[in-house]
Amino acid sequence: MVSLAGIPLDTAAIMSSVLEGILYGFSVLMCIGTIWTFTYKRDMRDVNRPIAVVATLLFVLSTAHMVVVIVHVENGLVKYRDTFPGGPVAFFTDITQNTFVIKNAIYTLQTLLGDGVVIYRCYVVWQSVWVIILPCMMWCGVAASGVCSVYYFSQASIAEIENFFASRIGHWVAVFLASTLGTNMLSTGLLAYRIWMSERKVSAIRATKRKVPVLRMLIDAAMLYSAALGSSIICFALWNDGLYVMGDMIVPIVSIAFYMVFIRISTSQNNQHYISTVYGGTAEIERRNLQQYPLRHSIHDFESSGDSPKVGDTSICVVISLNILIYSYPHTY
C-alpha cells in the first residue's frame, strides 16, 4: 500500500494507534457501565445473559485488536526499525505481516457480530423471517468479502502491495465496506420503521413522554457507525491512506455504538414505574409477565385487528408498546 495520497504510513500507524486507544478507553468505560446497569441490585438468575455475552465479546475483540495494533506499531517502529528493508514505511506497507492480517481478521469478526445483532433485533421486533432475508443475504456477503480480504492480505504479492487500491485485495475491501454499510443501514431502517409505526399507534394515549426514545437511540448509534464507514469508503475512493487510520478506529466505534444503545435503554427503563401508578395492579402484573416472557406478546396481536388504539385499549397498548420498545431490545443483545 504505497502512500499515494495523504500521510505516510508510519505516521498513519502512530495516529491510528493513538486515536484507537482513546476510543478504546471510552468503550471500556461504556462496557463497565453496560454490565453494571444490567446487574446492579439484581439476582444472578435475573441477569440478562445475552447482553452480558455480547458485551463481553465486543470487549474481548476490541481489547485483542488494541493489543495487536500496539504490537504491530512496536514491531515497525522499534523491533524491525533498522533491520526491515526500507525501514518503518516499508514495514507498514507490507500487508502480509502477521499482525496486520490478525488485526483485520479481528475487525471482520467485530463487524459480523455487530451486524448480526442488528439483524436479530430486527427479527425480534418484526417477528417475521421474511423481513430479514435480504439483511441475512447481505450479512453473508459481508462475511464472504471479509474472509476473502483477510485471506488475500496474507497471500498478497509485491505487485498487489504496491498497487493496493487497484488490486483484487482493494476490490474485496471495497466490497466489504460497502456491504457492511448497506447491511447496517437496511437493518436499522427496518427496525426504526417498525418502532416508529408502533410508537405512532400508542402516542395518543401514552401518559408521559419518554425522555430518550428508543428510535432516537437507534438512529444515533447508526449514524455514528455509518459515519465511520462512510469516511472509510471516501478514503478508499480517493486512494487515501487515511483508510489505514479509519480501519483501526472502527473497531472501538462498533463497541461504543452498541454500548450506547445498551446503556440508554437501561436508563430509560427507570421511567417504567409510572405504569403501576397510572394503570394499577393489572398493568404491573402484565409488565412482570413481559419481563419473564418478553416475546410472548407481539404487536401483531394488536395490529391484526386493524383498529386504531382506543381509550379502552390503553392498558394493552402500553404493555405492547413497552414490549416492543423496551423489553425486546435487552433480550436481543
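Placed above this text is the structure.
A short tour of the structure in this document, coming up. Since the structure is predicted, the reported quantities are computational estimates derived from the model, not experimental observations. (Residues numbered from 1 in each chain as written. Predicted model: local features only at pLDDT ≥ 70, side-chain atom pairs only at ≥ 80, totals over all residues. Heavy atoms only, no water.)

Another aspect to go through is the overall build of the protein. What the protein contains, in helices and strands, is 12 helices and 0 strands. Across the protein, helices and strands are ordered from the amino to the carboxyl terminus as α-α-α-α-α-α-α-α-α-α-α-α. Split into buried and exposed, the 333 residues of the protein put 50% on the buried side. Considering only residue pairs separated by 6 or more positions, the protein has 82% of its internal contacts joining residues 24 or more positions apart. Within the structure as shown, the protein displays about 15,300 Å² of accessible surface, and the carbon and sulfur contribution to it stands at 67%. (Helix = DSSP H or I, 4+ residues; strand = E, 2+ residues; numbered from the N terminus. Buried < 20%, exposed > 50% of the residue type's maximum accessible area, 1.4 Å probe, protein only. Contact = heavy atoms within 4.5 Å. Areas by Shrake-Rupley, 256 points an atom, 1.4 Å probe, with all protein chains shown as cover.)

Below, the discussion takes up the packing of helix 4 (residues 98-126) against helix 5 (residues 133-154). Between helix 4 and helix 5, the shortest axis-to-axis distance is 9 Å and the interhelical angle comes to 175°. One way to sum up the angle between helix 4 and helix 5 is to call them roughly antiparallel. Of helix 5, the residues touching helix 4 (which contributes Phe 100, Val 101, Asn 104, Ala 105, Thr 108, Thr 111, Leu 112, Asp 115, Gly 116 and Ile 119) are Pro 135, Cys 136, Trp 139, Val 142, Ala 143, Gly 146, Val 150, Phe 153 and Ser 154. When grouped by side-chain class, the residues that make up the contact of helix 4 with helix 5 number 12 nonpolar, 6 polar and 1 charged. (Axes fitted to C-alpha atoms, helices over the stretch in contact; angles between N-to-C directions. Parallel < 35°, antiparallel > 145°, perpendicular 65-115°, else oblique. Nonpolar A, V, L, I, M, F, W, Y, C, P; charged D, E, K, R; others polar.)

Here we take up the side chain of Ser 16. Structurally, Ser 16 can be placed in helix 1 (residues 9-37). Ignoring anything within four residues of it in the chain, the contact list for Ser 16 reads Tyr 244, Val 245 and Asp 248.

Moving on: empty space enclosed by the protein. Over the atoms a probe the size of a water molecule is rolled, and this reveals where empty space is left. On inspection of all chains with the given rule, the structure shows 5 cavities of 30 Å³ or more. Considered as a void within the structure, the largest cavity measures approximately 310 Å³ in volume. For the lining of the largest cavity, the elements supplying multiple residues, two or more each, are helix 4, helix 5, helix 7 (168-202) and helix 9 (242-268). When the residues that make up the lining of the largest cavity are grouped by side-chain class, the tally is 11 nonpolar, 7 polar and 2 charged. Within this model, the second largest cavity holds a volume of roughly 100 Å³. Looking at the second largest cavity, the residues that line it are Val 118, Arg 121, Asn 184, Thr 188, Leu 218, Ala 221, Ala 222, Tyr 225, Ala 257, Phe 258 and Val 261. Broken down by secondary-structure element, the contributors of at least two residues to the lining of the second largest cavity are helix 4, helix 7, helix 8 (214-237) and helix 9. (1 Å grid on protein atoms, 1.4 Å probe; cavity = no way out; pocket = protein on both sides within 12 Å on 5 of 7 lines; lining within 4 Å. Points joined across faces, edges and corners; volume = space filled by probe spheres on them.)

Here we take up the nonpolar core. Counting 70 residues, the largest nonpolar core has Ile 95, Phe 153 and Phe 164 as the members making the most contacts within it. Going through the elements one at a time, helix 1, helix 2 (49-79), helix 3 (87-93), helix 4, helix 5, helix 7, helix 8 and helix 9 are the ones with two or more residues in this core. (Core = buried A, V, L, I, M, F, W, Y, C linked by side-chain atoms within 4.5 Å.)

What follows deals with the pattern of salt bridges. Two side chains of opposite charge can pair, provided their charged atoms sit close to one another. All told, the structure shown has 2 salt bridges when counted by the stated rule. Across the pair Asp 248 and Lys 103 runs a salt bridge, and its minimum N-O distance is 3.2 Å. On the criterion of sequence distance, the pair formed by Asp 248 in helix 9 and Lys 103 in helix 4 is long-range, its members being 145 residues apart. Residue Glu 160 pairs with Arg 168 through a salt bridge whose shortest N-O separation is 2.7 Å. Residue Glu 160 is classed as buried on the basis of its relative accessible area, which comes to 13%. (Salt bridge = Lys/Arg side-chain N within 4 Å of Asp/Glu carboxyl O.)

What follows covers the packing of aromatic side chains. Applying the stated criterion to the full structure yields 15 aromatic pairs. Ring plane angle 25° and centroid distance 6.3 Å describe the contact between Phe 100 and Tyr 244, whose orientation is recorded as stacked. Taken as a pair, Phe 100 in helix 4 and Tyr 244 in helix 9 lie far apart in primary sequence, 144 residues in all. Look at Phe 100 and you get buried, because its relative accessible area is 5%. Using a relative accessible area of 6% as the deciding quantity, one classes Tyr 244 as buried. Between Tyr 152 and Trp 172, the aromatic rings sit 6.5 Å apart at their centres with planes inclined by 20°, giving stacked as the arrangement. Here the residue Tyr 152 occupies a position in helix 5, and Trp 172 occupies one in helix 7, the gap between them amounting to 20 residues. Overall, the relative accessible area of 29% leaves Trp 172 in the partly exposed class. An aromatic cluster of three or more residues is present, and its members are Phe 100, Phe 153, Phe 164, Phe 165, Phe 236, Trp 239 and Tyr 244. Between Arg 194 and the ring centre of Trp 126, over which it is positioned, the NZ or CZ distance is 4.8 Å. (Phe/Tyr/Trp six-rings, centres within 6.5 Å; stacked < 30°, edge-to-face > 60°. Lys NZ or Arg CZ within 6 Å of the ring centre and 35° of its normal.)

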